[in-house]
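# Per-entry structural report
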Amino acid sequence: MTRPSWDVYFMSITRVVADRSTCLRRQIGALIIHDRRILTTGYNGAPSRLSHCEQVGCIREQQGIASGQRHELCRGLHAEQNAIIQAALSGVSIRGGTLYTTHFPCGMCAKMIINSGIVRVVYSSEYPDPLSQGLFCEAGVSVDRV
């Protein structure tokens, strides 16, 4: 039996976290790690105490909004946003951490990741947002695909 690398191990956990997603379009999971310890998790879905899209329908589908565009027209938060918010709610510093996510972050999430002090992003699937890569590069955030 071959023991998985840390990146493969944490990436496999993001897929389990994504199973909690209530998004009708795409299930995404995220973890924030520091010193090989899980600090927070997040998945995409509506804010706490609000109805989920699976209950009320998808605004983006109803309005014909293409993937990767008009992120503000959505009931849900992204997995990366929820992981960062959970750290804030719990008073956990994520500065210097690594964010693992099932999909490459969008530009909106990239800006939050940069400002939160995360230094590395690891992802498994592409996402159509060319702004993110440039932002990460300019900010010195390391990005790896696993």
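In what follows, the accompanying structure is described. Starting afresh in each chain, residues are numbered from 1 along the sequence in its written order. With the structure being a predicted model, the display of local features is reserved for residues of pLDDT at least 70 and the display and counting of side-chain atom pairs for 80 or more, all residues being used for whole-chain, interface and lining totals. Side-chain metrics rest on all non-hydrogen atoms present in the structure, leaving aside hydrogens and water.

## Concerning the pairing of strand β2 (residues 37-43)
By definition, two strands form a pair when at least two bridges between them are found by DSSP. Each helix corresponds to a stretch of at least 4 residues labelled H or I by DSSP, and each strand to a stretch of at least 2 residues labelled E; elements are numbered beginning at the N terminus. Pairing analysis gives six bridges linking strand β1 (residues 29-34) to β2, with the strands arranged antiparallel. Bridging from a neighbouring strand, Ile 32 pairs with Thr 40 of β2. Two successive antiparallel strands, β1 and β2, enclose a turn made up of two residues, where Asp 35 displays a positive phi of approximately 50°.

## Some remarks on the pairing of β1
In terms of burial, β1 is a largely internal element, five of the six residues being buried. Pairing analysis gives four bridges linking β1 to strand β3 (residues 98-103), with the strands arranged antiparallel. Within β3, the position partnered with Leu 31 by the bridge is Tyr 100. When accessible area is computed with a 1.4 Å probe and restricted to protein chains, residues below 20% of their type maximum are described as buried, those above 50% as exposed, and intermediate ones as partly exposed.

## Points about unusual backbone geometry
A positive phi angle is found at Asp 35, which is not glycine, with a value near 50°. Here Asp 35 lies in the loop between β1 and β2. The class of Asp 35 is exposed, set by a relative accessible area of 62%. Of note, Arg 49 is a non-glycine position whose phi angle comes to about 70°, a positive value. In this fold, Arg 49 is placed in the loop between β2 and α2 (53-56). Here Arg 49 falls in the exposed class, since its relative accessible area comes to 84%.

## Digging into the packing of helix α4 (residues 79-90) against helix α5 (residues 107-116)
Helix packing geometry: the angle between the two helix axes and the distance between the axes. Following both chains from N to C, one finds α4 and α5 inclined at 25°, their axes separated by 9 Å at the closest point. Compared by their axis directions, α4 and α5 come out roughly parallel. Relative to α5, α4 is oriented so that their crossing is left-handed. Residue-level inspection shows Glu 80, Gln 81 and Ile 84 of α4 in contact with α5, the latter providing Met 108, Cys 109, Met 112, Ile 113 and Ser 116. Here the nonpolar group is Ala, Val, Leu, Ile, Met, Phe, Trp, Tyr, Cys and Pro; Asp, Glu, Lys and Arg are the charged ones; every other residue, Gly included, is treated as polar. Residues of the contact of α4 with α5, tallied by class, amount to five nonpolar, two polar and one charged. Orientation is described by axes fitted as lines to C-alpha atoms, over the contacting stretch for helices, and by angles from 0 to 180 degrees between their N-to-C directions. Just so you know how the angles are binned, under 35 degrees is roughly parallel, over 145 roughly antiparallel, 65 to 115 roughly perpendicular, and the rest oblique. Crossings are sorted by hand: turned counterclockwise from the far helix by less than a right angle, the near helix makes the crossing left-handed, and turned clockwise it makes it right-handed. The criterion used for residue contact is that any of the two residues' heavy atoms lie within 4.5 Å.

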